[in-house]
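# Structure assessment
Each chain is listed here by its residues.
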Amino acid sequence: SRVVASNLSTFVLSCLIIGYIAGNRGFAQLSLSNSLPLLPAEIGLGITLVILVWQCARFRQLPWRRDEINFTLIAWIVIGSIRILWDVPAYGLAAIRDFAMVYYALFFFVAQHVTQEDADIRWFHRTLLAASAALLPLYLLFQAYPDFFLNVLTVRGTPLIFFKGDLAGTFLAVGSLAWFFQYDAQPRQWWALLLSVSMAGCMLATDNRASMLALTTPTLLLAVTGRTRLLKTLTVAAVVGASATAIGTHFSGQPWQNSPLVGIYERVISITDVGGDRSYLSTSAEPKGDNNRFRAVWWETVVRETTRANPWTGVGFGYDLADDFLKAYYPDSDEQFTARSPHNFFITIYARMGVIGVGLFVIALALLAVRARSIFRHEPSSEKILPWCVALSLLTSACFGVVLEGPMGAVVFWISLGLGAASAAT
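Residues numbered from 1 in each chain as written. Predicted model: local features only at pLDDT ≥ 70, side-chain atom pairs only at ≥ 80, totals over all residues. Heavy atoms only, no water.

### Observations concerning the nonpolar core
The biggest cluster of nonpolar side chains holds 103 residues, and the ones touching the most others in it are W76, F107, F108, F124, L128, W414 and I415. The biggest single contributor to this core is helix 16 (residues 345-378), with 13 residues. Among all residues touching F107, those that are not within four sequence positions of it are L13, L16, A41, G44, L45, V411, W414 and I415. In terms of nonpolar packing, the next biggest core, distinct from the first, is built from nine residues, F294, V315, A322 and F325 among them. (Core = buried A, V, L, I, M, F, W, Y, C linked by side-chain atoms within 4.5 Å. Buried < 20%, exposed > 50% of the residue type's maximum accessible area, 1.4 Å probe, protein only. Helix = DSSP H or I, 4+ residues; strand = E, 2+ residues; numbered from the N terminus. Contact = heavy atoms within 4.5 Å.)

### A closer look at helix 3 (residues 40-58)
Helix length check: helix 3 (19 residues) gives 27 Å between terminal C-alpha atoms against 27 Å at 1.5 Å per residue, within 8%. Within helix 3, burial applies to P40, A41, G44, L45, T48, I51, L52, Q55 and C56. One side of helix 3 carries all its buried residues, which in axial view fall inside an arc of 135 degrees. In this structure, helix 3 carries V50, V53 and A57 as exposed residues pointing more than 90 degrees from its buried face. Two residues or fewer after helix 3 comes R60, characterised by a positive phi angle close to 55 degrees. (Expected span 1.5 Å × (residues − 1). Arc of directions from axis to C-beta.)

### What to know about the packing of aromatic side chains
The final tally for this structure, using the stated rule, is 22 aromatic pairs. Between the aromatic rings of W123 and F124, the centroid separation amounts to 6.0 Å while the plane-to-plane angle is 80 degrees, which identifies the pairing as edge-to-face. Across this residue pair, the class does not change: W123 and F124 are buried. Grouping aromatic residues by their ring pairs yields a cluster made of W76, F345, F346, F361, F413 and W414. (Phe/Tyr/Trp six-rings, centres within 6.5 Å; stacked < 30°, edge-to-face > 60°.)

### Overview of the packing of helix 7 (residues 122-144) against helix 9 (residues 165-185)
Two measures define how a pair of helices packs: the angle their axes make with one another and the distance between the axes. It is the contact of helix 7 with helix 9, at a shortest axis distance of 9 Å, that shows an interaxial angle of 130 degrees. Classified by the interaxial angle, the pair formed by helix 7 and helix 9 is oblique. The two elements helix 7 and helix 9 meet at a crossing, and its hand is left-handed. On helix 9, the residues touching H125, L128, L129, S132, A133, L135, L136 and Y139 of helix 7 are A168, F171, L172, V174, G175, A178, W179, F181 and Q182. The class makeup of the residues in the contact of helix 7 with helix 9 is 13 nonpolar, four polar and no charged. (Axes fitted to C-alpha atoms, helices over the stretch in contact; angles between N-to-C directions. Parallel < 35°, antiparallel > 145°, perpendicular 65-115°, else oblique. Left-handed = near helix turned anticlockwise from the far one by under 90°. Nonpolar A, V, L, I, M, F, W, Y, C, P; charged D, E, K, R; others polar.)

### A look at the pattern of salt bridges
Within the structure shown, the criterion is met by seven salt bridges. A salt bridge links R229 to D184; the shortest N-O distance between them is 2.9 Å. In this pair, R229 sits in helix 12 (residues 229-252) while D184 sits in helix 9, placing the two residues 45 residues apart along the sequence. Judged by its relative accessible area of 31%, D184 falls in the partly exposed class. (Salt bridge = Lys/Arg side-chain N within 4 Å of Asp/Glu carboxyl O.)

### Quick notes on a nonpolar patch on the surface
A contiguous nonpolar patch, built from V78, I82, L85 and W86 and spanning about 450 Å² of accessible area, is present on the exposed surface. Mapped onto the secondary structure, I82 falls in helix 4 (residues 68-91). With relative accessibility at 41%, the residue I82 sits in the partly exposed group. (Patch = residues over 30% accessible without salt bridge, like charges linked within 9 Å, V, L, I, M, F, W, Y side chains within 5 Å. Areas by Shrake-Rupley, 256 points an atom, 1.4 Å probe, with all protein chains shown as cover.)

### Overview of the packing of helix 11 (residues 209-224) against helix 17 (residues 382-398)
Put simply, helix 11 and helix 17 touch, their axes get as near as 8 Å, and they point 140 degrees apart. Taken together, helix 11 and helix 17 sit at an angle that is classed as oblique. As for the relative orientation of helix 11 and helix 17, their crossing is right-handed in sense. Between helix 11 and helix 17, the contacting residues are A210, L213, A214, T217, P218, L221 and L222 on the first element and I385, C389, L392, S393, T396 and S397 on the second. Tallied by class, residues from the contact of helix 11 with helix 17 come to nine nonpolar, four polar and no charged.

Next up, the structure:
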């Protein structure tokens, strides 16, 4: 019965990963009911938590491990749960929606329990391979035929597949990692390398800089710990691609500022343009300076407002973090602004839960980093390194976008961390 229950939990987690990667926002918005928000993440969490509690009660085990990582994350969830008791009466459903970024962390304990006895997490690698293999053609088709996905392929009026640019790019980066690890383990599968490079190239075409960092960060970490093959491969692919693009631009007679090569270069250097003061030749990079100012002003506004109002426990879940920002950045605009989080997960935690909340989260990440360090240095199996790389990619992207506040990125992130922490402990 233990094996059957674990396999059922694994199946549910795999379905969620495939759904959020291949279906993205469309899958995330599917609901079993028109009146109640019975969404995939909540349904999956409910099923796996019931299995977890049942197994732990039957075999007289705790649903967590007795280590610093688990205790810190439990404390983080408890602090958030106490905070929301004051927020629900004031903000209602908006508070519960914002609180989701905390209760999604329960997937960490579910995923950790799946690998409690068997450290083999090959299913996670296979799931990522399947999900990203579906993502690549689906994303290309979505770009070519958006009307079909938005108006035809729907469930009760909700698109079954709907890609959000930053998340699609980040998951393409994750797929590139997964398929490269497949090639690294079996070098004869040259098509795995081709898929990895293709996903990296498609990620660049999403015009999202956070996705670039989502692939660059784990690649550099692997190189620093002695695993340089991915960095070398991406470097060679970049040189070949840049040379081909330069030759094509030269013979086409188009101005250099219209070259995709210039656009990519300027998007990369725009990352350091914090104030948005630099001028850009490429039309694709031109909005990036304003985008940087947008984030900088919002971050500063939220931090200042939270520090003034309640620095220790934050302004709470449901509180409108965009109100003061809109007054500072769009003082004369009357357009509707729907974003609720300031495009940085750490600042969002500080605003919602204050110094206590962000402090506990940072401590948990530091403890996880210590455990990951040993894995990166000494673990020969790439399948045990992959969950850490996936979590790092998503966390990097979450520093510049709304990735971990919603289920699309958060579910995959917490599952990855849970698997990584459990396999490392084993």
